[in-house]
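Observations on chain architecture
Read off the chains here:
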Amino acid sequence: MIKQILGRLPRKPGKAGDSRDAAAGVAAGNGTEPSNSYSVARSVDSGNKRAGNGDYSVPPGVTPNPVMNGAVLYHSNEPLPAFKDVAASEKQNLFVKKVNLCCAVYDFMDPTKNLKEKEVKRQTLMELVDYVTSANGKFSEVVMQEITKMVSINLFRSSSPAPRENKAIEGVDLEEDEPLMDPAWSHLQIVYEVFLRFVASQETDAKLAKRYIDHSFILRLLDLFDSEDPRERDYLKTILHRIYGKFMVHRPFIRKAINNIFYRFIFETEKHNGIAELLEILGSIINGFALPLKEEHKLFLVRALIPLHKPKCVSMYHQQLSYCITQFVEKDCKLSDTVIRGLLKYWPVTNSSKEVMFLGELEEVLEATQLAEFQRCMVPLFCQIARSMNSSHFQVAERALFLWNNDHIENLIKQNYKVLLPIIYPALERNTRDHWNQAVRSLTLNVRKIFSDHDSAFFGECAQRFNDEELKQQETDSKREALWKRLEEMATSKLGENNPSGTPNGKSSQAAG
């Protein structure tokens, strides 16, 4: 009884042995080998339209035609044998039959519907996982064709459940919401596992497989990254990374396709669930770029990665984005000026949490920046840092002052202190006098001490210059106030001359009787 219960539970794929044990447990609990009276295989559309997620099983008692509406239908009244029960020469043929059986797609919105057929399909999928994992001979072209067809029918489906409203545009953090889980995941997970092991298998010849895992297939796979189910996106991330590594001919196309997804997200929709996963893949790809970097890769940085800082929902993928940006700077330190100026271009004005993220990313970029590149952008950079130091939001001010805790950044600043101290001294002075947060004032005093200890004479000059400018500003303010007061007095006296009776429009206070 326990085996029967456990056998019906969906299992997370792990090692090959886990899949084998699970399949064996289900078979033992039922006491029979997986069987099915029919199986259906649908041909995949050549376009980008996904197959519908309906119930494609043939009603009981109906004998299907070999060809119906362009779909090949396989009918069998006999249960399919297990792989161990057939000769080695027949295993690939049996594998194709089992793959075709798994082309049937069922309606999982109704958990009481087609229970037997769903269980048979699940058992068969687990057998396929075991077979692909343990295969010791090259997969034939027919096998490749049938696997990609089965994967397409099961995965390239219509969105279900319906997507939620785009809360990200309104600035709502979707991470706080419960992700929507696909009710068909008990089957989809094993389909993904079959395909992942097929792509990763040494028995899969990339030269043959690229005919079926082609550009159209890759585009439809990329479309699935918008799934709201994080489990599906995680599988897609692993599979696409494997495809990128195995099919070298597809690499430029994959990069371009991801590029286009980013463009549409940045400049049109600002809605996509899989940006973080796509950036995670790109982080690994960028890490493998050869030096010197191609112009194509630099354009990708400027036109796609840096503008990804613009959307309001950047917090959902900022960690992965920051890693990709830092990888570029570590590959070619000359890009740090481009990156820093790009960050300044998209610097948030009223979003404090986003500004804290930008300051954290800025620290990582500066840590990989050399002196020559730092000097190109340090003036506009420290004008912004000075504004952040004076932020009334204490976390923003703290994060800006924490930059001096990094030894490499502190050394860059000290080598250029005669340019930078005059820029940030007013911010230091204002924080010391007026900032409401005690921690910010303490950090400000620490930064002041760093400059004072490094060159006390120049620090005194900056202090004197600030005091002189403050006196000039006070004089200017006093003159402006005096001028406004004179103008008000002149306006009042002129009004009195034009209206000697003191009544509006010069009318007498006594009305004609």
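Residues numbered from 1 in each chain as written. Predicted model: local features only at pLDDT ≥ 70, side-chain atom pairs only at ≥ 80, totals over all residues. Heavy atoms only, no water.

Observations regarding the overall build of the protein chain
When you go through the protein chain residue by residue, the secondary structure sums to 21 helices and 3 strands. Within the protein chain, the fraction of its 513 residues that count as buried is 46%. Only carbon and sulfur atoms are counted for the fraction: they give 52% of the accessible area of the protein chain, which is about 26,600 Å². (Helix = DSSP H or I, 4+ residues; strand = E, 2+ residues; numbered from the N terminus. Buried < 20%, exposed > 50% of the residue type's maximum accessible area, 1.4 Å probe, protein only. Areas by Shrake-Rupley, 256 points an atom, 1.4 Å probe, with all protein chains shown as cover.)

Brief notes about unusual backbone geometry
Residue Pro-292 follows Leu-291 across a cis peptide bond; omega there is -5 degrees. Following the sequence through the fold, Pro-292 ends up in the loop between helix H11 (275-287) and helix H12 (295-305). Positive phi values are uncommon outside glycine, yet Glu-270 reaches one of about 55 degrees. Inspection of the secondary structure puts Glu-270 in the loop between helix H10 (251-269) and H11. Judged by its relative accessible area of 18%, Glu-270 falls in the buried class.

Section: helix H6 (residues 185-200)
An α-helix turns once every 3.6 residues. As a result, residues three or four positions apart point the same way. In this model, H6 (16 residues) spans 22 Å end to end at C-alpha, consistent with the 22 Å of a helix rising 1.5 Å per residue. The buried count for H6 comes to 14 of 16 residues, which makes it a mostly enclosed element. (Expected span 1.5 Å × (residues − 1).)

As for the pattern of salt bridges
Considering all chains together, one arrives at 20 salt bridges under this definition. A salt bridge links Lys-98 to Glu-127; its shortest N-O distance comes to 3.0 Å. On the criterion of sequence distance, the pair formed by Lys-98 in helix H3 (residues 91-101) and Glu-127 in helix H4 (residues 115-134) is long-range, its members being 29 residues apart. The partner of Glu-277 in a salt bridge is Arg-233, and the shortest N-O contact between them spans 3.2 Å. (Salt bridge = Lys/Arg side-chain N within 4 Å of Asp/Glu carboxyl O.)

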